[in-house]
Every structure is written in C-alpha cells, then in structure tokens.
Amino acid sequence: MKILELVRNNVKELNPYASARDEYQDSSNNMLFLDANENPFDNGVNRYPDPQQLQVKSKLSKIKNLSTNNMLLGNGSDEILDLIFRVFCEPNKDKVITLPPTYGMYQVLANINAVEVVEVPLSNTFQPQIDKILEVTNAKILFLCSPNNPTGNCFAVSDVEKLLENFQGIVVLDEAYIDFSEQKSWLNKLDDFPNLIITQTFSKAYGLAGIRLGIGYASTEIISVLNKIKPPYNVNSLTQQSVLDRLINRKEVAFEIQQIKAERENLIIELQTISFISKIYHSDANFLLVKVDDANFRYQQFIEKGIVIRNRTNQLGCKNCLRLTVGTKAENTRLINTLKAIQ
Ligand SMILES: Cc1ncc(COP(=O)(O)O)c(C=O)c1O
C-alpha cells in the first residue's frame, strides 16, 4: 500500500503556510525578532509559540522512545482526528468505517468534512467483527478505539493486528484511555504498520483536559503530510509549558492513575450490591458502563441528586446503559450513597 496515494490531491499539491517562527526561532545568539508583528513588550506570552513544539516533542520522544518526526501535536486529539480527515478524505466522495458503539466525534467530524460513514457494529462482546469490516471496499480510514468509549474494553490484540495487516487504508487507533489499561500501547509497533496512526491525549490520565493537548503518532511520511495542513500555531505557549511541567512530575501522574484504577475496582464491588444494576461491563478505562433497569429514569434521579453521569441508552448495543466516570474516593462514596438511596 502506498500511503501517499491515499492523500487528497489538493493536499499533495499545496504549499504550506510558512510562519515567521518556522523560519527562525533560536534566540541563543542574541537575534532580534522583528518578523512576526508581535508586541515587543515582554509579558511572558507576547511572542508566538513554537509552531513545532520541539521542547514538548523532545521530552515525549525520550518517554515514548520515538523520534520527534513521528509526532504531531494538536489542540486536543479531536484536532488531530480532524486533520486526519482533511488529509485523506475527499468531501462528498470518500468514506470511513466506524465501529459503534464508539466515540461520537468520528461521526461528527465525518459530517463536518462531508465524508460518508459506514458503521460496522461491534459484536455483542464489544469486539470488532473482522470479516464484516474487511468486506467494506474503498474506505479511506478505519477508526478503532481501544480501550473503547463508551464500552471501556480493549480490542483483542490479534484482531487489531489482523485489521492492521489487511485493511487497505489508514487505521486510526485511538488510545485516549490506554494509561488505565493492562494492555500495552501499540506505539512500539508503528514501524511494522505504515498505515497506522495512533492518537493519545493529555486530557485523561495526565489530568490536563483544560489545556487541550493531543498527539498523533505515525510514520514520518504521514506526519509530514499532517504537518503541512495544521494551523501554524495550533498549540499555545501556556499549553506547551503546562505539559512540560506535568512531564517533570510523572511520578504524580503514575500515582493518580494507580488511585483511579484502585477506585475503579472499589466501585465495581459497590455497584454489584445495587439491585437495579444488572451488568457492569469490564473496563480498561477510567469509567464504567453499567446496565440498569431504566436508564432514562435513573439518569433523571441522579440529576435531581446533583450527580451528572452519561446516559448512553441511545447508543447501539447500549440500551439502558449509563457511563460513570471514576472520581475521587469522596466523589465515588457520594455516588454509591446516592445509588443506595434511590434503589
Ligand atoms: C476515545 C476518545 N478519543 C478522544 C477524545 C478527545 O480527547 P481530547 O480531549 O484530546 O480532544 C475523547 C474524549 O472524551 C475520547 O473519549
């Protein structure tokens, strides 16, 4: 498979915007920057940010053991997903595959970009139906979300491998929740699969949803095309600095992940005692999908008690299911007490 053949012609041909900071940015030899029409008075953020976010990338490169040329940073992984649509999918012509129930933004981004979505539902154990997926012809992108939102489970390694080997287009593997999982990331398999793009985010385990930083990992070939179309200064300086600060303290992140996972297990034990919960799905993420007697009714009861959860009853295969995010110990205790009170 020739990856470049999957790229839209207008993207192949376009000349990217050359930003001032792309041309020069090293101030070590006392350079004077009068090129970007910035306000010269220093307030910490009067200069444009590094368009290639090299400090963040080089830190990530050490942690992930990957070259900085295999990374693209964006304003959340949602921006990375949008850029992937815009690089590969011709509006009103191309199609992509999603596996519902799954993360809703794939469908929304497809609609925004005028791209058709072929839905191949997950099996009743929430695993991909390999043969049915591979029967779809001429799809540009296949979206795999593992651990999957809203079901919480990972896809079987052998199934993901089969899809990577046989799907004749780009495979986007969304690993937003991978840090909560026992399954390993596919990052160290990037070299084996030139059609693979992995997305990760600082919004979940890293606790930085408010600063919006997502990452796309892929071959240098794919990253360089994505780089051509990204907005020049898509990751602001404050975000870049916050991530660097957080990465200095990875022990704290690891400790929080460990606590969330322990709380997830405590929550499962407590949820088993609630009479109107008939099923708690296995989770490799920081949330639990549970089946109740009447999701709309229970959801409303929660709202009245001041607790906001996600009602997933209208998602394929999720009738009467609610999605509960794992909170702190105190938050989970309030959740459980509320469940006990309304049962
Ligand atoms: C599976 C999945 N991917 C991506 C995202 C978006 O992440 P970000 O905050 O990096 O845009 C979410 C957010 O809920 C998600 O559940």
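Coordinates for the structure precede this section.
The notes below deal with the structure included here.

How each quantity is defined
- Residues numbered from 1 in each chain as written.
- Predicted model: local features only at pLDDT ≥ 70, side-chain atom pairs only at ≥ 80, totals over all residues.
- Heavy atoms only, no water.
- Disulfide = S-S within 2.5 Å.
- Buried < 20%, exposed > 50% of the residue type's maximum accessible area, 1.4 Å probe, protein only.
- Pairing = 2+ DSSP bridges.
- Helix = DSSP H or I, 4+ residues; strand = E, 2+ residues; numbered from the N terminus.
- Axes fitted to C-alpha atoms, helices over the stretch in contact; angles between N-to-C directions.
- Contact = heavy atoms within 4.5 Å.
- Salt bridge = Lys/Arg side-chain N within 4 Å of Asp/Glu carboxyl O.

### Some points on the state of the cysteines
The term disulfide refers to a covalent linkage connecting the sulfur atoms of a pair of cysteines.
Consideration 1: Scanning the model with the defined rule gives zero disulfides in all.
Consideration 2: Summary of cysteine pairing: C89 is not part of a disulfide, and the nearest cysteine sulfur, belonging to C145, is at 18 Å.
Consideration 3: Accessibility expressed as a relative area gives 1% for C89, which makes it buried.
Consideration 4: Between C318, a cysteine without a disulfide, and C321, which holds the nearest cysteine sulfur, the sulfur-to-sulfur distance is 5.0 Å.
Consideration 5: For C318, a relative accessible area of 0% puts it in the buried group.

### Remarks on the sheet that holds strand β6 (residues 196-201)
Consideration 1: Here seven strands make up an open sheet; going across it, the order is β1-β7-β6-β5-β4-β2-β3 and the pairing mixed. If you trace the sheet from one side to the other, it starts and ends with β1 (71-74) and β3 (116-119), each paired once. Neighbour-to-neighbour, the strand axes of the sheet open up by a mean angle of 25°, direction not taken into account.
Consideration 2: Bridge count between β6 and strand β7 (residues 214-217): four bridges; the pairing is antiparallel. Counted as the bridge partner of Q200 is I215 from β7.
Consideration 3: In this fold helix α4 (residues 54-64) packs onto β1, β6 and β7, with an angle of close to 125° to the strand it touches most, β1.
Consideration 4: Sitting on the sheet, helix α5 (residues 77-88) touches β1, β2 (95-98), β4 (139-145), β5 (170-174), β6 and β7, and the angle it makes with β6 is about 155°.

### Quick look at the pattern of salt bridges
Consideration 1: Inspection of the entire model under this criterion finds 11 salt bridges.
Consideration 2: For E270, the salt bridge goes to K340, with nearest N and O atoms at 3.4 Å. With a gap of 70 residues between them, E270 in helix α11 (residues 250-271) and K340 in helix α13 (residues 329-342) connect regions that are remote in the sequence.
Consideration 3: According to the relative accessible area criterion, E270 is partly exposed, its value standing at 31%.
Consideration 4: By sharing partners, the salt bridges in this structure join R246, E252 and E256 into a single network.

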